[in-house]
Structures are given as C-alpha cells and as structure tokens.
Amino acid sequence: MSFVAIIPARMQSTRLPNKPLADIAGKPMVVRVLEQALQSDAEMVVVACDDMAIQDAVTVAGYVCMLTRSDHPSGTDRLAEMVDRLELPDDAIVVNVQGDEPLIDPELINAVAAHLASDASLSMATASHTIDNADDFFNPNVVKVVCNAASQALYFSRAPIPWDRDSFADDNSDEDWVLPAELDAQRHIGIYAYRAGFLRTYQSLAPSALENIEKLEQLRVLWHGYKIGVYRTAQAPAAGVDTQEDLDRVRSVFAAKL
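Residues numbered from 1 in each chain as written. Predicted model: local features only at pLDDT ≥ 70, side-chain atom pairs only at ≥ 80, totals over all residues. Heavy atoms only, no water.

Here the focus is the overall build of the protein. In terms of regular secondary structure, the protein is built from nine helices and eleven strands. For 258 residues, the compact-globule estimate of 2.2 N^0.38 gives 18 Å, and the C-alpha radius of gyration of the protein, at 19 Å, lies within 12% of that figure. Dimensions of the protein, computed from the C-alpha atoms along their principal axes, are close to 60 × 40 × 30 Å. When each of the 258 residues of the protein is scored for burial, the buried share is 51%. Here the analysis covers contacts within the protein between residues at least 6 apart in sequence; of these, 68% occur between residues at least 24 apart. (Helix = DSSP H or I, 4+ residues; strand = E, 2+ residues; numbered from the N terminus. Rg over C-alpha atoms; globule rule 2.2 N^0.38 Å. Buried < 20%, exposed > 50% of the residue type's maximum accessible area, 1.4 Å probe, protein only. Contact = heavy atoms within 4.5 Å.)

Right, let's get into the nonpolar core. The biggest cluster of nonpolar side chains holds 41 residues, and the ones touching the most others in it are Ile7, Val47, Ile54, Val95, Val97, Ile109 and Ile191. For this core, the leading source of residues is helix α1 (residues 29-37), giving six residues. Counting 30 residues, the second-largest nonpolar core is a separate cluster that includes Leu88, Ala92, Val145 and Phe198. (Core = buried A, V, L, I, M, F, W, Y, C linked by side-chain atoms within 4.5 Å.)

What follows concerns the pairing of strand β4 (residues 44-49). Burial runs high along β4: five of the six residues are buried. In this structure, strand β1 (residues 4-9) lies alongside β4, joined through six bridges in parallel fashion. Bridge pairing in β4 places Ala5 opposite Val45. Bridge count for β4 against strand β5 (residues 65-67) is three bridges, and the pairing is parallel. Following the sheet pairing, Cys49 is matched in β5 by Leu67. (Pairing = 2+ DSSP bridges.)

Before going further, it helps to spend a moment on the packing of aromatic side chains. By the definition in use, this model includes five aromatic pairs. Seen in terms of ring centroids, Phe198 and Tyr202 are 6.3 Å apart; in terms of plane orientation they differ by 65 degrees. Their pairing is edge-to-face. Of the two residues, Phe198 and Tyr202 both sit in helix α6 (residues 196-202), four residues apart, roughly one turn of that helix. This pair shows no difference in class: Phe198 is buried, exactly as Tyr202 is. Grouped by ring-pair contacts, the aromatic residues Phe137, Phe138 and Trp163 constitute a single cluster. (Phe/Tyr/Trp six-rings, centres within 6.5 Å; stacked < 30°, edge-to-face > 60°.)

Quick look at the environment of Ala42 now. Along the chain, Ala42 falls in the loop between α1 and β4. Assessed through its relative accessible area of 18%, Ala42 is described here as buried. Sequence spacing of Ala42 and Ala22 is 20 residues, and the spatial spacing of their C-alpha atoms is 25 Å. In this structure, Ala42 is in contact with Phe3 and Ala5, ignoring residues within four places of it in sequence.

Quick look at the pattern of salt bridges now. Side chains that carry opposite charge are capable of pairing whenever their charged atoms lie near each other. One pass over the full model with this rule turns up 13 salt bridges. Across the pair Glu35 and Lys27 runs a salt bridge whose closest N-O atoms are separated by 2.9 Å. Here Glu35 falls in the buried class, since its relative accessible area comes to 17%. Of the charged contacts, one joins Asp184 and Arg232 as a salt bridge, the two residues approaching to 2.6 Å between their closest N and O atoms. Here the residue Asp184 occupies a position in the loop between β9 (153-157) and β10 (186-195), and Arg232 occupies one in strand β11 (residues 228-232), the gap between them amounting to 48 residues. In this structure Asp184 comes out as partly exposed when scored by relative accessible area, which is 34%. Here the salt bridges share partners, and the residues they tie into one network are Lys19, Asp100 and Asp242. (Salt bridge = Lys/Arg side-chain N within 4 Å of Asp/Glu carboxyl O.)

This part takes up α1. Counting buried positions along α1 gives nine out of nine residues, so the element sits mostly inside the fold. Every buried residue belonging to α1 is among Met29, Val30, Val31, Arg32, Val33, Leu34, Glu35, Gln36 and Ala37, and all of these are buried.

Within the fold, Ala117 resides in helix α4 (residues 106-117). Sequence-wise, Ala117 and Arg232 are 115 residues apart; in three dimensions their C-alpha atoms are separated by 15 Å. Once residues lying within four places of it in the same chain are set aside, the contact partners of Ala117 are Met1, Ile93 and Arg195.

Applying the stated criterion across every chain yields a total of zero disulfides. Here Cys49 stays free of any disulfide, with the sulfur of Cys65 as its closest cysteine sulfur at 3.5 Å. Judged by relative accessible area, Cys49 falls into the buried class, the value being 0%. In this structure Cys65 comes out as buried when scored by relative accessible area, which is 8%. (Disulfide = S-S within 2.5 Å.)

Remember, this is a structural readout, not a statement about activity or role.
Here you go:
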C-alpha cells in the first residue's frame, strides 16, 4: 500500500499567532510535524501552506513545501488543491497530517491509511480512542464519534454521545457521573485519509446545517452520504498544540530527548 502525506499549514491562529513557525528545540513546529510524518511509510510528505514564511522555513530545512491559495476555508480544501497540483490519480490515498501535531505517532498515520485502503467503499478514514473519564465525555472541546457494526462513522458531535439514558437518569451533575463500561464512548482523533478522487469531489459539496452547528467539517461528508471508516487505536495520541501552554508542554518533551 502506498500513500502520500500532506501537512496543511496556515499562519493565522487566534490563540497562538504564527503557530507553524513556533520554535521547538531549534526547529519550527511545521518542520517537527514533517519529520514525524517522514517516519511513516508515506512515499511522499509535503507541506501545503498559505504563507511564504512557512515555505521558506520548510525549504531551508531541506523539505518540500508548496504555496497554495490563501482563501481556503479548511485544510481539506487546501488538500483538494494539492491533489491536482501533484497530479495524483483518483485512487491515490492522501493522509492529512495536522500541522500542529509535532508528537504525532507515525504508526497512526500508517494505520489510518491502511484502514482506508482495506475498504473500497470508504471515501475517508479517521481514528478514535476510548474515552474513559466523564470530564472528557462531557467536554464540548472533545469530539465524540459513534460508529456502526462495520466501524463506519454514524455521527460526530461535541455533545456526549452515545447517551446512556438509564445510567444518566439520575439528576446529578456530570462531575459525579461515572461512565458505564458498556458505553464504549469514542474520542475522535483529528487525522484523516482520503482518496484523491473524493478530495476533488469534496470541493463541490455544499456545507450542511449540521456542520455549521457543530463546527465539524467531517459532518459534510456524512450529510452527503459518503462513508467514513474509523480506525480504533488502543494508544491515546499525544495532544496537539492549540495554546501557549500546549506549546510549552511539547517543548519540554523535545528538550527531554536532547
């Protein structure tokens, strides 16, 4: 199985300005992400950016970066431009590696790509991990996914799903709730694999009301009837970088390795 890894990177971030260029142990964050992706089985790893400063940082480090349009509403749209620029065939598998995850596990990249490759009926694949505490389950910043028997996504939500009516029937605050073992709540992990042909199709799909309400663009895919496979990983992935606190934590991890 072969696949391409693309890292969409945009300069603007409301919580952490110039995030792709944030220094992590002497290298920009986007380069750290790229070097993790290069440890996967991807036949090509390329950064897709919206700013010359990002392109310069990546090329100076000796890697491939392509400047894309600056008006893409999402990373998925940026990938859609890239599959045409790279002239990828429709059946090529493309993994979207988030540009703010310098600790991403290369094996997770491989697994999501393999999950998509294993089922021709899927347009996309992503990943999940078991939620084992109530704080995460009730946290709207933790996206949940519910799947069918074939490990295909039924729905993604910021709400606590699935809702155990009987276990949660008591009128208690969520701080007192213990998640029942049979709940099998799954946290969505933000890594995606696509078939290149679907990325070309995605650009023509109208946004859905659910996507706008939940602020989850993957709901557009389900709304229009396409299938998303979900790979379950037993190992909780390292958190990405959204805030200065996250960045400090990641810096300490890399500093410990030196």
